[in-house]
Amino acid sequence: MIVAIASGKGGTGKTTVSASLASVWAEALARPVMAVDLDVEEPNLHLFLRPVITRTQAANLEIPVVDADICTRCGECRELCQFGAITIMGDMPMVFAEMCHGCGGCRAICPVAAIGRGTRELGRIEEGSAGAIGFLNGRLRIGEAMSPPLIRAVLARLDSLLQKAGAPGPDVLLDAPPGVSCPAVAAVAEADGIILVTEPTPFGIHDFKLAVEAFTPLGKPMAVVVNRAGAGTGELHAVCREASLPILAEIPDDRAVAEAYARGKLLADVDAAYRTMCLGLAEAVAKHVREGRHA
Amino acid sequence: MSTIIAVSSEGPTLDDAVDPRFGRAAGFVIIDAAGNTRYIDNGASQAMAQGAGIESARRIAEAGATVLLSGVVGPKAAQALSAVGVAVVEGMDNMTVAEAVAKYRAGSA
């Protein structure tokens with residue numbers, strides 16, 4: 001089972017929820033778990049799980065390299081590329097590597113096979129473990145503008161790790177990037193279910209509605225965790241009712257939680273009551289995704 | 001090679017204001033050595049999600065420009081213009097196209 005923890009607004013508690021779910025998952029469900037940080041622009045799950053990294057590899061995007069001696073300057077690649085990544089300036093073919101989305105269209109359309117394969121480093125994929133919890137994350141190269149290709153590379157690595165583990169492999173918790181645009185959609189696209197973490201602030205509620213709108217068409221089981229529950233939660237309840245989304249947990253607006261977070265401590269380790277809440281949440285998440293998938 | 005000047009412009013004439021943007025300029029007034037002018041519309045670049053500067057660079061290079069006067073030219077556009085040997089003069093905004101050309105010709109740019 002692969003569960004994505006997502007949100008519309010950033011800073012609502014995706015990582016808080018992901019890290020604590022990972023830490024109690026095995027106890028709550030008697031199943032191994034793997035935690036994957038897909039917020040490759042600013043990964044932070046490792047700050048809470050403190051994994052030992054045992055393998056790091058570069059993730060690359062395939063980009064065109066033009067052989068100017070073979071190129072006839074016909075301009076077909078330039079016409080095709082929607083990103084302006086390949087062009088002919090004066091009499092010279094030019095590639096703007098950082099604009100390329102790696103679709104390979106230029107190479108396919110070139111009538112004289114003048115375009116070969118080069119690479120641009122997207123970032124790094126790191127893997128290891130935090131105790132019994134498997135750990136995987138992506139870390140975008142500084143200066144790289146596109147995160148979805150790296151997110152997909154991390155997911156491809158996850159897939160090969162799961163294949164290697166065989167059935168039944170570990171359950172997977174994906175800590176998604178915030179927002180509702182390409183990176184967030186790339187992160188939740190392969191999940192069996194989505195947990196939306198939100199907060200009862202005007203921005204939180206606004207972006208929560210966007211997230212519901214963006215992810216509902218994916219047709220996956222979806223449920224909600226309300227963080228900093230307190231004033232304003234009533235409006236969130238109404239939105240969830242309207243969208244038929246169950247609320248699996250409400251984390252109160254509690255200074256003790258913020259203090260623990262600031263120290264890099266897990267929500268599940270704040271006190272016994274929070275641990276019980278996290279154990280219950282893990283069970284509820286697994287149940288909701290399992291039943292939703294079969295519905 | 002005679003100098004052909006391209007000026008990023010908000011409109012088609014010498015009296016129009018210099019468009020401070022290069023890649024997403026409304027268009028370019030092209031002035032040849034004899035002082036003849038013509039206008040290249042750049043609306044297609046304005047509509048691009050990315051790569052507007054590169055496309056604009058290609059457009060003025062194809063028009064034969066050897067000098068560009070504009071406000072600010074982005075790094076990728078600058079790279080493209082340099083590849084085809086178009087000289088770039090930035091900071092030519094807050095004036096008309098005619099004033100920019102006069103300033104360039106007077107060597108005070």
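No experiment lies behind these values; they were computed from the predicted model shown. (Residues numbered from 1 in each chain as written. Chains lettered and ligands numbered in written order. Predicted model: local features only at pLDDT ≥ 70, side-chain atom pairs only at ≥ 80, totals over all residues. Heavy atoms only, no water.)

A. Highlighting the overall build of chain A. Summing up its helical and strand segments, chain A has ten helices and eleven strands in all. Summarising its shape, the C-alpha atoms of chain A cover approximately 70 × 40 × 40 Å along the three principal directions. When contacts within chain A are restricted to residue pairs at least 6 apart in sequence, those whose partners lie at least 24 apart make up 74%. In chain A, which carries 27 positive and 34 negative side-chain charges, the distance between the mean positions of the two groups comes to 3 Å. (Helix = DSSP H or I, 4+ residues; strand = E, 2+ residues; numbered from the N terminus. Contact = heavy atoms within 4.5 Å. Lys, Arg positive; Asp, Glu negative; His and termini not counted. Charge placed at Lys NZ, Arg CZ, Asp CG, Glu CD.)

B. Here's a closer look at the environment of alanine 26 of chain A. Residue and element names in this part refer to chain A. The residue alanine 26 is located in helix α1 (residues 14–29) in this model. For alanine 26, a relative accessible area of 42% translates into the label partly exposed. Sequence separation between alanine 26 and alanine 268 is 242 residues; the distance between their C-alpha atoms is 13 Å. (Buried < 20%, exposed > 50% of the residue type's maximum accessible area, 1.4 Å probe, protein only.)

C. Just the pattern of salt bridges, in detail. Under the criterion given, the structure shown has 21 salt bridges over all chains. Note that glutamate 144 of chain A is salt-bridged to arginine 120 of chain A, the shortest N-O span being 2.8 Å. A residue pair is termed long-range when its members are at least 10 positions apart, and glutamate 144 of chain A in the loop between β7 (133–140) and α5 (148–165) and arginine 120 of chain A in strand β6 (residues 115–130) qualify at 24 residues. Under the relative-accessibility criterion, glutamate 144 of chain A is labelled buried at 9%. Aspartate 269 of chain A is the partner of arginine 275 of chain A in a salt bridge, and the nearest nitrogen-oxygen pair spans 3.5 Å. Among the residues examined, arginine 275 of chain A registers a relative accessible area of 26% and is labelled partly exposed. Members of the salt-bridge network, linked through shared partners, are Glu55, Arg58, Arg59 and Glu62 of chain B. (Salt bridge = Lys/Arg side-chain N within 4 Å of Asp/Glu carboxyl O.)

D. Inspection of the interface of chain B and chain A at higher detail. Residue-level contacts link 13 residues of chain B with twelve residues of chain A. Its largest share of buried area at the contact with chain A, chain B owes to Gln50, Ile54 and Arg58 of chain B, together 46% of the area lost on that side. Inspection of the chain B/chain A interface yields zero salt bridges. Applying the counting criterion to the chain B and chain A interface returns two residue pairs in polar contact (both at pLDDT 80 or more). If you list the elements that add at least two residues to the side of chain B that touches chain A, you get α2 (52–62) and α3 (75–83) of chain B. The residue makeup of the side of chain B that touches chain A, split by class, is seven nonpolar, three polar and three charged. (Buried area = accessible area lost by both parts, 1.4 Å probe. Polar contact = N/O pair within 3.5 Å; in protein donor to acceptor, adjacent residues only side chain to side chain. Nonpolar A, V, L, I, M, F, W, Y, C, P; charged D, E, K, R; others polar.)

E. The arrangement of the side chain of asparagine 44 of chain A in detail. Inspection of the secondary structure puts asparagine 44 of chain A in the loop between β2 (33–37) and α2 (45–49). The class of asparagine 44 of chain A is buried, set by a relative accessible area of 19%.

F. Broad picture of the packing of aromatic side chains. All names here are of chain B. Within this structure, the stated rule accounts for two aromatic pairs over all chains. Ring centres of phenylalanine 22 and phenylalanine 28 lie 5.5 Å apart, and the angle between their planes is 55°; this geometry places the pair in the tilted category. Judged by its relative accessible area of 0%, phenylalanine 28 falls in the buried class. (Phe/Tyr/Trp six-rings, centres within 6.5 Å; stacked < 30°, edge-to-face > 60°.)

G. How the structure looks around the state of the cysteines. Residue and element names in this part refer to chain A. Applying the stated criterion across every chain, the model contains zero disulfides over all chains. The thiol sulfur of cysteine 74 is not disulfide-bonded, and the nearest other cysteine sulfur, from cysteine 110, lies at 6.2 Å. Summary of cysteine pairing: cysteine 182 is not part of a disulfide, and the nearest cysteine sulfur, belonging to cysteine 103, is at 15 Å. (Disulfide = S-S within 2.5 Å.)

H. Local environment of unusual backbone geometry. Residues and elements named next belong to chain A. Cis geometry marks the peptide bond from alanine 167 to proline 168, where omega comes out at -5°. Positionally, proline 168 belongs in the loop between α5 and β8 (171–175). Despite not being glycine, alanine 30 has its phi angle at roughly 55°, a positive value. As for its position among the elements, alanine 30 is in the loop between α1 and β2. Residue arginine 228 is not a glycine yet carries a positive backbone phi of 55°. Along the chain, arginine 228 falls in strand β10 (residues 222–229).

I. Focus on the sheet that holds β10 of chain A. All names here are of chain A. The nine strands lie next to each other as β3-β6-β7-β2-β8-β1-β9-β10-β11, forming an open sheet whose pairing is mixed. The open sheet has two edge strands with one neighbour each: β3 (52–66) and β11 (247–252). Neighbouring strand axes in the sheet, compared pairwise and without regard to direction, differ in orientation by 20° on average. Here α5 sits on the sheet and contacts β1 (2–6), β2, β3, β6, β7 and β8; the angle it forms with β6, its principal contact strand, is near 60°. Most of the contacts of helix α7 (residues 202–215) go to strand β9 (residues 193–198), to which it runs at about 170°, and overall it touches β1, β9 and β10. (Pairing = 2+ DSSP bridges. Axes fitted to C-alpha atoms, helices over the stretch in contact; angles between N-to-C directions.)

J. Representation of α1 of chain A. Residue and element names in this part refer to chain A. Its maximal kink placed at serine 23, α1 deviates by approximately 40°. Of all 16 residues making up α1, 13 are buried, and the element is well covered by its neighbours. Of the residues trailing α1, alanine 30 is marked for its positive phi of about 55°. (Bend = angle between axes of the 7 residues up to and from the residue.)

K. Inspection of the sheet that holds strand β2 (residues 27–31) of chain B at higher detail. All names here are of chain B. Pairing within the open sheet is mixed, and its five strands lie in the order β3-β2-β1-β4-β5. Strands at the two margins of the open sheet, each flanked by one partner only, are β3 (37–41) and β5 (87–89). If you compare each strand with its neighbour and ignore which way they point, the axes differ by 25° on average. As paired elements, strand β1 (residues 5–9) and strand β4 (residues 67–69) share three bridges and run parallel to each other. Residue valine 7 lies in a different strand from β4, and its bridge partner there is leucine 69.

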